[in-house]
Amino acid sequence: MDTELLTRTFVEYYEDRGHRRITGSTLLPPPGDTVLFTTSGMHPLTPYLEGRPHPLGRRLVNVQRCLRTTDLDEVGDSTHLTVFEMLGTWSLGDYEGPRSLDWGHRLLTEGLGVDPGRLHATVFGGDDRTGPDTASLRLWQELGVPVELTVEDNWWSNGPVGPCGPDSEIFLWTGDGPPRSTPTRDDRWVEVWNHVTMRHRRLPDGSLVPLPQRNVDTGLGLERLAALLQGKPSVFECDVFEPWRRLVPGLWPLDEPSLRLVGDHLRSAVVVLGDGVRPAGTGRGYVLRRLVRRVLTVLWRDDPSRGLGDLPLEPVSHTLDHFRQDDGPEQVRRLLVEEERRFGRLLERGRQVLARPRFRGPLGEDDFRYLHDTHGLPRDLVTGLREG
Ligand code: SER
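Residues numbered from 1 in each chain as written. Predicted model: local features only at pLDDT ≥ 70, side-chain atom pairs only at ≥ 80, totals over all residues. Heavy atoms only, no water.

Brief notes about the overall build of the chain
Looking only at helices and strands, the chain has 12 helices and nine strands in total. Relative to a compact globule of 388 residues, whose C-alpha radius of gyration would be 21 Å, the chain shows 23 Å and is just as compact. In terms of its C-alpha atoms, the chain occupies a principal-axis envelope of roughly 70 × 50 × 45 Å. Here the chain holds 388 residues, and 52% of them are scored as buried. As displayed, the chain offers around 17,600 Å² of accessible surface, 48% of which is attributable to carbon and sulfur atoms. The averaged location of the 58 negative side-chain charges in the chain is 4 Å from the averaged location of its 49 positive side-chain charges. (Helix = DSSP H or I, 4+ residues; strand = E, 2+ residues; numbered from the N terminus. Rg over C-alpha atoms; globule rule 2.2 N^0.38 Å. Buried < 20%, exposed > 50% of the residue type's maximum accessible area, 1.4 Å probe, protein only. Areas by Shrake-Rupley, 256 points an atom, 1.4 Å probe, with all protein chains shown as cover. Lys, Arg positive; Asp, Glu negative; His and termini not counted. Charge placed at Lys NZ, Arg CZ, Asp CG, Glu CD.)

Rendered as structure tokens:
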């Protein structure tokens, strides 16, 4: 089952249960939002989770592209991506968590053919402020799905303030033998779907107040589930990476972790460019810049003659098409190459400046500030050059 069929199956399943499909937004959150990128499907829906009536009603479903920089250092394992898509459902003050879990379980097992014996759930066990989520626990017990209770791992929030609540996560066993142990003790249990009962708002002083309505917000990682359903050992082998996996290794022979990083970051950079972001020294543009620089650092480690101008257009246009972005692949590749040139010049200058006697010993904060303000050399680049 490829990601397109999986998405269609998911959306139709929820439409059959009264949900209206809303169009996912770009990676750029609405104006006035303080975060740089949309990090989860619920993000553009925050006002509606907080009580504003949604024009399409109380049951919604969508597909949202997301970008998470918090996972940047985890990219390279088998489950994390920088840009990924989240299939989401919402009950805006309508049905409660157990119904959401029951539907989710049926979709996975009956609709998508997942063996029920490969499932495990986790549930919020309660803390000094909020009681345990007994309703979810009971539902899983009725369905015969094993449950592990946790505290921090089963509380979801999108940041220090705003809507939050206890969640119940669904894990799939990816080991060879029969399922063993529990999700927190064995990472062969891979989380695929999070159902959050979003009924609190956290205030700046840390206290919790009830939201005007009790919502359910669920998010399922599309590429992760697709890879598991396709029997692939990692997200990098599901269909969205097909042209990247087919064409990049012939161009740049890389070990598997480097291939994953290069594929993830380049594909993410393409999507970010396709959403209109341009490289810059701050904000979104700097996230984009870091993605490109991390790719180049890996490519040039073995062979400084490698260049992004050699990147075939096929994976670029495959990605732009997938996200229905209008920029042409040549234009996107040209922007990547311009950024590569800028980085090449900066590295050259960095090497010259760091060769000066003043910078031979340990560097202090004044040195880093001077290198940044006078020569445009960011701290991570200086550190990288000195380590290299
Ligand atoms: N907001 C939750 C998450 O991002 C569920 O959508 O995991």
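Some points on the nonpolar core
Judged by nonpolar contacts, the single largest core of 90 residues is most densely connected at F10, W193, W252, V262, L266 and L308. Setting aside residues no more than four positions away along its own chain, F10 makes contact with V61, L87, G88, T89, L107, W193 and L220. Within the second largest apolar cluster, 11 residues are counted, among which are I22, M42, L45 and L49. (Core = buried A, V, L, I, M, F, W, Y, C linked by side-chain atoms within 4.5 Å. Contact = heavy atoms within 4.5 Å.)

Quick word on the side chain of H120
Summarising the element assignment, H120 is placed in strand 4 (residues 119-124). Here the side chain of H120 touches P146 through a polar contact of 3.1 Å, landing on its backbone oxygen. Excluding its chain neighbours within four sequence positions, the residues that come into contact with H120 are V145, P146, V147, E148, E169, I170, F171, S181, T182, P183 and W189. (Polar contact = N/O pair within 3.5 Å; in protein donor to acceptor, adjacent residues only side chain to side chain.)

Section: the packing of helix 9 (residues 313-322) against helix 10 (residues 329-354)
For the pair helix 9 and helix 10, interaxial distance at closest approach is 9 Å and the crossing angle is 110°. The orientation of helix 9 with respect to helix 10, classified from their angle, is roughly perpendicular. Crossing handedness for the pair helix 9 and helix 10: right-handed. Counting all contacts with helix 9, which are made through L313, V316, S317 and L320, the residues of helix 10 involved are P329, E330, V332 and R333. Counted by class, the contact of helix 9 with helix 10 contains five nonpolar, one polar and two charged residues. (Axes fitted to C-alpha atoms, helices over the stretch in contact; angles between N-to-C directions. Parallel < 35°, antiparallel > 145°, perpendicular 65-115°, else oblique. Left-handed = near helix turned anticlockwise from the far one by under 90°. Nonpolar A, V, L, I, M, F, W, Y, C, P; charged D, E, K, R; others polar.)

Let's talk about the site of the ligand
Residues in contact with the ligand, as listed here, are S40, M42, R68, M86, W156, N194, V196, D217, T218 and G219. Between an oxygen atom of the ligand and a side-chain N or O atom of R68, the distance comes to 3.3 Å. Between the ligand and G219, the relevant distance is 3.1 Å, taken from an oxygen atom to a main-chain nitrogen or oxygen of the residue. In the complex, 96% of the free accessible area of the ligand, which totals 230 Å², lies under the protein chains. Of all the secondary-structure elements, those providing two or more residues to the shell around the ligand are strand 8 (189-202) and strand 9 (208-221). Considering each element in turn, the shell around the ligand owes the most residues, three residues, to strand 9. Split by residue class, the shell around the ligand holds four nonpolar, four polar and two charged. (Near = heavy atom within 4 Å.)

Focus: the pairing of strand 2 (residues 59-67)
With nine of nine residues buried, strand 2 is to be regarded as a mostly interior element. Judged by which residues are buried, strand 2 turns out to be covered on both faces: R59, V61, V63, R65 and L67 on one side and L60, N62, Q64 and C66 on the other are all buried. Note: strand 1 (residues 20-21) against strand 2, two bridges, orientation parallel. From the neighbouring strand, R20 faces strand 2, where its bridge partner is L60. Across nine bridges, strand 2 lies against strand 3 (residues 83-91) in antiparallel orientation. Residue pairing across strands places R59 opposite S91, the latter belonging to strand 3. (Pairing = 2+ DSSP bridges.)

Things to note about empty space enclosed by the protein
Across all of its chains, the model carries one cavity of 30 Å³ or more by this definition. Its volume calculated, the largest cavity comes out at about 50 Å³. Surrounding the largest cavity, F236, F241, W244, R245, V248, L259, R260, G263 and D264 form its lining. At the level of secondary structure, the elements contributing two or more residues to the lining of the largest cavity comprise helix 6 (242-251) and helix 7 (256-274). Ranked by the residues each element gives to the lining of the largest cavity, the list is headed by helix 7, at four residues. (1 Å grid on protein atoms, 1.4 Å probe; cavity = no way out; pocket = protein on both sides within 12 Å on 5 of 7 lines; lining within 4 Å. Points joined across faces, edges and corners; volume = space filled by probe spheres on them.)

Observations regarding the environment of H80
When you line up the elements, H80 lands in the loop between strand 2 and strand 3. At a separation of 2.8 Å, a polar atom in the side chain of H80 contacts the side chain of D77. Within the structure, the side chain of H80 is placed 3.4 Å from the side chain of T79, a separation counted as a polar contact.

With respect to the packing of aromatic side chains
All told, the structure shown has 11 aromatic pairs when counted by the stated rule. When the centroid spacing of 5.0 Å and the interplanar angle of 75° are considered together, the rings of Y95 and W103 count as edge-to-face. For the pair formed by Y95 and W103, the shared burial category is buried. Through pairs of rings, three or more aromatic residues link up here, namely F10, Y13, Y14, Y95, W103 and W193. R358 extends its terminal NZ or CZ atom over the ring of Y370, reaching a point 4.5 Å from the ring centre. (Phe/Tyr/Trp six-rings, centres within 6.5 Å; stacked < 30°, edge-to-face > 60°. Lys NZ or Arg CZ within 6 Å of the ring centre and 35° of its normal.)

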